[in-house]
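Structural overview for review
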Amino acid sequence: MPDAHDFRRDFPLLKQTMNGRPIVYLDNSATTQKPESVIRAIGEYYGQDNANPHRGAYALSIKATDIYENARERARRFIGADDAREIIFTRNTTESLNLVAYSYGLNYIGPGDEILLTIAEHHSNLVPWQQVAHAKGAVLKYIYLEKDGNLSPRDLETKITARTKIVAVTHVSNVLGLVNPVREIADRAHAKGAVVVVDGAQSVPHIAVDVKALGADFFAFSGHKMLAPMGIGVLYGKSALLDAMPPFLTGGDMIDDVAEQETTFAELPAKFEAGTQNVGGAAGLTAAIDYLEEVGFDRIHAREKELVAYALPRLRELPYIELYGCDTARDNKLGIITFNVKDVHPHDVSTILDAEGVAVRGGHHCAQPLMTYLGQNATCRASFYFYNTKDDVDRWIAALKKVREVMRLGA
Ligand SMILES: Cc1ncc(COP(=O)(O)O)c(C=O)c1O
């Protein structure tokens with residue numbers, strides 16, 4: 001099997017330079033790079049098969065429909081869902097979670113009901129629930145963290161009550177990189193009759209996911225964070241829940257019959273897919289799943305763990321580096337390292353690293369309540385994927401050593 005250096009050959013962008021240096025791409029939590037096979041699949045779709053699906057009786061349209069529905073079946077198998085009707089294509093995780101908040105939340109949550117989140121949610125799994133809480137007079141509550149970044153066991157035990165209607169939790173935090181105990185949370189939530197919404201944006205690309213084993217009622221993820229193009233995402237929902245929900249968006253292709261005053265809606269999954277579908281994105285998603293399955297999640301996870309175990313002791317040697325959430329490698333830690341350089345703003349850190357050809361993210365990572373909880377306005381984040389190497393880590397750390405010097409703060 002190829003090592004990470006060989007995987008890099010499949011990714012044209014990684015052969016480029018950035019600011020005159022071979023690129024070290026460490027912003028994989030934001031979006032991943034795309035292998036040749038995914039780029040080819042998108043090109044082939046637009047070069048040979050492009051037509052509006054589900055509508056035409058001619059060969060091209062039928063082919064486009066097949067490509068789209070094949071992607072749905074591939075996605076179903078990939079996450080272990082029972083039925084392709086439970087796979088709704090959206091634009092991304094954000095749209096998937098908004099669909100649940102607006103279609104389920106606004107219709108099944110009432111005054112005084114509780115929505116329980118973790119403090120580590122990305123804004124995509126937080127702001128929509130705030131909107132629902134404001135609209136319905138519901139109460140937002142949070143599960144907070146232990147010092148090591150894990151969810152507080154006490155909060156887990158006490159905050160899911162008979163009033164809890166939704167537990168919305170990220171499978172893996174995009175800041176801390178820790179895998180949350182979703183199955184345990186789901187069991188507790190279901191025992192109280194609550195519905196469990198899982199943000200899988202940072203888990204699906206990195207570990208094998210089985211939505212049934214997790215006990216998720218809804219599960220959302222984005223194609224672009226798992227080698228596929230931007231603009232295609234997935235919402236998994238249990239069919240009994242999706243069947244009972246009204247459409248989120250309305251218009252073409254999601255109807256059964258339209259009269260002047262009334263409309264009846266299509267069955268799942270079409271009911272939730274208004275307008276022309278992203279068939280090119282679906283073709284890319286199929287190719288991405290093929291590629292990931294070929295690499296294998298054991299290898300992906302092992303590589304990321306290896307890089308974290310390699311990087312953390314080297315970072316701890318630098319007295320001016322502050323690490324957040326977890327400063328030792330452990331089993332539930334994926335390839336995300338969040339840090340600050342003492343007395344230097346994260347935007348300055350990323351700009352200085354950029355000059356060295358190293359791409360990391362600086363900012364609040366769309367997780368402002370978590371930043372506030374950690375007592376920071378912003379942090380830097382390096383996030384790995386299986387195509388990253390120890391050389392990348394060395395280049396990143398060598399660049400970090402220059403930051404304080406460039407800022408004239410001494411070593
Ligand atoms: C944990 C998590 N949830 C949701 C999102 C939102 O993903 P998208 O912008 O693809 O909707 C992200 C993206 O960074 C994320 O990391």
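Everything here concerns the structure above.
Description of the structure in this document.

What counts, and at which threshold
Residues numbered from 1 in each chain as written. Predicted model: local features only at pLDDT ≥ 70, side-chain atom pairs only at ≥ 80, totals over all residues. Heavy atoms only, no water. Near = heavy atom within 4 Å. Polar contact = N/O pair within 3.5 Å; in protein donor to acceptor, adjacent residues only side chain to side chain. 1 Å grid on protein atoms, 1.4 Å probe; cavity = no way out; pocket = protein on both sides within 12 Å on 5 of 7 lines; lining within 4 Å. Sits in = over half its atoms within 2 Å of the grid points. Nonpolar A, V, L, I, M, F, W, Y, C, P; charged D, E, K, R; others polar. Points joined across faces, edges and corners; volume = space filled by probe spheres on them. Domains from an automatic or database assignment. Pairing = 2+ DSSP bridges. Helix = DSSP H or I, 4+ residues; strand = E, 2+ residues; numbered from the N terminus. Axes fitted to C-alpha atoms, helices over the stretch in contact; angles between N-to-C directions. Contact = heavy atoms within 4.5 Å. Phe/Tyr/Trp six-rings, centres within 6.5 Å; stacked < 30°, edge-to-face > 60°. Buried < 20%, exposed > 50% of the residue type's maximum accessible area, 1.4 Å probe, protein only. Lys NZ or Arg CZ within 6 Å of the ring centre and 35° of its normal.

On to the site of the ligand. For the ligand, the set of nearby residues contains 14 residues, the closest of which are Thr94, Asp199, Gln202, Ser222 and Lys225. A distance of 3.4 Å separates an oxygen atom of the ligand from a polar atom in the backbone of Thr93. The contact in question runs from an oxygen atom of the ligand to an N or O atom on the side chain of His224, over 2.7 Å. In this structure the site holding the ligand corresponds to the largest pocket. In the shell around the ligand, the residues fall into one nonpolar, 11 polar and two charged.

In total, this model carries one cavity of 30 Å³ or more according to the counting rule given. The space that makes up the largest cavity amounts to roughly 30 Å³. Lining the largest cavity, in full, are Ser29, Gln202, His206, Glu304, Leu334, Gly335, Ile336, Ser383 and Phe384. Considering only residue class, the lining of the largest cavity consists of three nonpolar, five polar and one charged.

Roughly 350 Å³ of internal volume is contained in the largest pocket. In terms of lining, the largest pocket is formed by 24 residues, of which the most central are Ser29, Ala30, His122, Ser124 and Lys225. Of the residues belonging to the lining of the largest pocket, the class tally is six nonpolar, 14 polar and four charged. There are two domains that each give the lining of the largest pocket at least three residues, and those are domain 1 (4–30 + 297–406) and domain 2 (39–292). Of the voids in this model, the second largest pocket is the one considered here, and its volume is about 230 Å³.

Once that is clear, we can look at the sheet that holds strand S13 (residues 321–323). Within a sheet, adjacent strands bond to each other through the backbone by hydrogen bonds, running parallel or antiparallel. On the basis of which strands lie adjacent, the open sheet formed by four strands has the order S13-S14-S17-S16 and antiparallel pairing. The strands lining the two open edges of the sheet, one partner per strand, are S13 and strand S16 (361–363). When strand polarity is set aside, the average angle formed by the axes of neighbouring strands in this sheet is 35°. Sheet topology places strand S14 (residues 336–341) next to strand S17 (residues 379–383); four bridges connect them, and they run antiparallel. Residue pairing in the sheet places Ile336 in a bridge with Ser383 of S17. Against the sheet, helix H12 (residues 346–355) makes contact with S14, S16 and S17, and its axis sits at roughly 160° relative to S16, the strand it touches most. The strands touched by helix H14 (residues 390–406) are S13, S14 and S17; relative to S14, the strand with the most contacts, the crossing angle is about 20°.

Moving on to the packing of aromatic side chains. One pass over the full model with this rule turns up 19 aromatic pairs. Geometrically, the ring pair formed by Tyr142 and Tyr144 is tilted, given 6.4 Å between the ring centres and 40° between the ring planes. For Tyr144, a relative accessible area of 31% translates into the label partly exposed. Chaining the aromatic ring pairs together yields one cluster made of Phe7, Phe11, Tyr291, Tyr385, Phe386 and Tyr387. Here the guanidinium or amino end of Arg314 rests over the ring plane of Tyr310, the centre of that ring lying 3.7 Å away.

Glancing now at the side chain of Asn125. The topology assignment puts Asn125 in the loop between strand S5 (114–118) and helix H5 (127–136). The class of Asn125 is buried, set by a relative accessible area of 0%. Polar contacts involving the side chain of Asn125 include one to the side chain of Trp129, which spans 3.0 Å. Other than its neighbours up to four places away in sequence, Asn125 contacts Leu97, Leu117, Ala168, Val169, Thr170, Val197 and Asp199.

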